[in-house]
Amino acid sequence: MKRASLKEVARLADVSVPTASRVLSGVDRNVDAALAERVREAADTLGYRVNAAARALRRQSTDTLALLVPGIANPYFAELVAAFSQRLAAEGRSLITVDTNDDIEIEAVQLRSIDRVLVDALMVVPVSRERSGEAIRKVMRTRRVVQVDRTAADVDAISVGLDNATGVAVLVDHLRSIGRDRIVFVDARSTSSAGRERLNSFLGLAGPSDWVIDMPTFSVRSGVEAARRLLDDPRAADAVICAADVLAVGMLTTLQQAGVRVPDDIALTGFDGTSLAEIVEPGLTTLASHTDAIVDASLAAVAGADVDVVIAPSLDVRGSTVRKALPVHEKGAAAG
């Protein structure tokens, strides 16, 4: 079946070809609203579709960005993707999201694929601090790249992320302030820049009775396994910092199943500020990662901002570290 032409759309709408082109290219600010609607109706009637590649060449823009993340299954990255997608949709732009499964080889393949796609810029959460750089640098030859949440070594691209070292220090200070002095840090993916920063910060603050449990992935399953290791350890921890909320959820459920009282026996924190922290019981003390600020700064970098941005996380205290006191009337009712 022959495809409708722009000239046919213009004829049906009774407008000039340039006017039809402006309307269908999205640059119709100076076109009468009723006339523009007539052009769009004519295009729908004829089944006309704009050639996206040709339009991108004319405008030097596709209004599309790409975002590579290590794993959509991790609620932190799922919420980050949602925040980017919603913001771009509100601006009339699109987002292509790619899951690299926290695998350096998959990441390299996907980066090569993205390099062949018509997108204005690439935002990437690198899998590895040491090994992701080569593939990212190749993409940088053809388009702007912004590193989000993590960085890769020897990549001269703007980065936007959290102040991980300060975040861990805030959590340690909070636990010390409530009398906890045997803190376990549950780490994962220390090959990533964020994972390494969090681990190094804890090691720099650790006391003689603190220790680390290293896990391979940020997942509920890793949190469960970390809890089992903790329960089998003869050292008696009184607090746990998990390097991600998703780890803390696995830790919490396993401790509770073993009869450990949280926070009475062990205080527990996460790190990310995802919605998971609000739906578990007790609520999870965690660090708010300010996703909106990450999106703002990342899109500013895509638009040309040329300064790295480090965002300070903030502490959200919930029942996993501090049990809230009952109001006076509730205490009386409980005693009765």
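Residues numbered from 1 in each chain as written. Predicted model: local features only at pLDDT ≥ 70, side-chain atom pairs only at ≥ 80, totals over all residues. Heavy atoms only, no water.

### Quick look at the overall build of the protein chain
Phase 1 of the analysis: A tally of regular secondary structure across the protein chain gives 14 helices and 12 strands.
Phase 2 of the analysis: Expressed along its principal axes, the backbone C-alpha trace of the protein chain runs to roughly 80 × 55 × 35 Å.
Phase 3 of the analysis: Going through the 336 residues of the protein chain one by one, you find that 49% of them count as buried.
Phase 4 of the analysis: If you take every contact in the protein chain between residues at least 6 apart in sequence, the share linking residues at least 24 apart comes to 70%.
Phase 5 of the analysis: Taken as a whole, the protein chain presents about 16,400 Å² of accessible surface, with 50% of it coming from carbon and sulfur.
Phase 6 of the analysis: Each charge sign in the protein chain was given a centre, from 39 positive and 45 negative side chains, and these centres are 7 Å apart. (Helix = DSSP H or I, 4+ residues; strand = E, 2+ residues; numbered from the N terminus. Buried < 20%, exposed > 50% of the residue type's maximum accessible area, 1.4 Å probe, protein only. Contact = heavy atoms within 4.5 Å. Areas by Shrake-Rupley, 256 points an atom, 1.4 Å probe, with all protein chains shown as cover. Lys, Arg positive; Asp, Glu negative; His and termini not counted. Charge placed at Lys NZ, Arg CZ, Asp CG, Glu CD.)

### What to know about the packing of helix α8 (residues 164–177) against helix α9 (residues 193–205)
Phase 1 of the analysis: Taken N-terminus to C-terminus, the directions of α8 and α9 make an angle of 40 degrees; their axes are 8 Å apart at the nearest point. Comparing their axes, α9 and α8 come out oblique. Relative to α9, the crossing made by α8 is right-handed. Facing α8, whose interface residues are Asn164, Ala165, Val168, Ala169, Val172 and Arg176, α9 presents Ala194, Glu197, Arg198, Ser201, Phe202 and Leu205.
Phase 2 of the analysis: Here the contact of α8 with α9 is built from residues that sort into seven nonpolar, two polar and three charged. (Axes fitted to C-alpha atoms, helices over the stretch in contact; angles between N-to-C directions. Parallel < 35°, antiparallel > 145°, perpendicular 65-115°, else oblique. Left-handed = near helix turned anticlockwise from the far one by under 90°. Nonpolar A, V, L, I, M, F, W, Y, C, P; charged D, E, K, R; others polar.)

### Thoughts on the packing of helix α1 (residues 6–13) against helix α3 (residues 33–46)
Phase 1 of the analysis: Running from N to C, α1 and α3 cross one another at 125 degrees; their axes reach a closest spacing of 8 Å. Taken together, the axes of α1 and α3 are oblique relative to one another. As α1 packs across α3, the resulting crossing turns out to be right-handed. Of the residues in α3, those in contact with Glu8, Val9, Leu12 and Ala13 of α1 are Arg38, Val39, Ala42, Ala43, Thr45 and Leu46.
Phase 2 of the analysis: Counted by class, the contact of α1 with α3 contains seven nonpolar, one polar and two charged residues.

### Things to note about the pattern of salt bridges
Phase 1 of the analysis: Scanning the model with the defined rule gives 14 salt bridges in all.
Phase 2 of the analysis: Where aspartate 296 meets arginine 87, a salt bridge forms, and the shortest distance between an N and an O atom there is 2.3 Å. On the criterion of sequence distance, the pair formed by aspartate 296 in helix α13 (residues 291–302) and arginine 87 in helix α5 (residues 75–90) is long-range, its members being 209 residues apart.
Phase 3 of the analysis: By relative accessible area, which is 24% here, arginine 87 ends up partly exposed.
Phase 4 of the analysis: A salt bridge links aspartate 181 to arginine 182, with the shortest nitrogen-to-oxygen separation between them at 3.2 Å. (Salt bridge = Lys/Arg side-chain N within 4 Å of Asp/Glu carboxyl O.)

### Re the pairing of strand β4 (residues 144–148)
Phase 1 of the analysis: Of all five residues that make up β4, four are buried, and the element is covered over most of its length.
Phase 2 of the analysis: The pairing of strand β3 (residues 121–124) with β4 spans four bridges and is classified as parallel. By the bridge assignment for β4, methionine 123 is matched with valine 146.
Phase 3 of the analysis: Handedness of the β-α-β unit built from β3, helix α7 (residues 133–140) and β4 comes out right-handed.
Phase 4 of the analysis: Here β4 runs beside strand β5 (residues 159–162); their pairing, made up of two bridges, is parallel. Looking across to β5, one finds that valine 148 is bridged to valine 160. (Pairing = 2+ DSSP bridges. Right-handed = clockwise from strand over helix to strand, strands pointing away.)

### What about the nonpolar core?
Phase 1 of the analysis: One finds Met123, Val186, Leu230, Val240, Met251 and Leu268 to be the most contacted residues of the largest nonpolar core, which totals 69 residues.
Phase 2 of the analysis: Contacts of leucine 230, omitting those with residues within four sequence positions, involve Val184, Trp211, Ile213, Ala237, Val240, Met251, Leu255 and Ile266.
Phase 3 of the analysis: Formed by 16 residues, the second largest nonpolar core is a distinct cluster that contains Leu68, Val124, Ala152 and Val155. (Core = buried A, V, L, I, M, F, W, Y, C linked by side-chain atoms within 4.5 Å.)

### Description of the packing of aromatic side chains
Phase 1 of the analysis: All chains considered together, the criterion is met by two aromatic pairs.
Phase 2 of the analysis: Between the aromatic rings of tyrosine 76 and phenylalanine 77, the centroid separation amounts to 5.1 Å while the plane-to-plane angle is 65 degrees, which identifies the pairing as edge-to-face. Both residues of the pair, tyrosine 76 and phenylalanine 77, count as buried.
Phase 3 of the analysis: Pairing phenylalanine 185 with phenylalanine 202 gives two aromatic rings, centres 5.1 Å apart and planes at 15 degrees, and the pair type is stacked. Of the two residues, phenylalanine 185 sits in strand β6 (residues 183–188) while phenylalanine 202 sits in helix α9, which places them 17 residues apart along the sequence. Phenylalanine 202 matches phenylalanine 185 in its accessibility class, with the two residues each being buried. (Phe/Tyr/Trp six-rings, centres within 6.5 Å; stacked < 30°, edge-to-face > 60°.)

### Some thoughts on the side chain of glutamine 147
Phase 1 of the analysis: Here glutamine 147 lies in strand β4.
Phase 2 of the analysis: One polar contact links the side chain of glutamine 147 to the main-chain amide nitrogen of alanine 152, over a distance of 2.7 Å.
Phase 3 of the analysis: When residues no more than four places from it in sequence are discounted, the contact partners of glutamine 147 are Val124, Pro126, Ala152, Val155, Ala157, Ile158, Ser159 and Val160. (Polar contact = N/O pair within 3.5 Å; in protein donor to acceptor, adjacent residues only side chain to side chain.)

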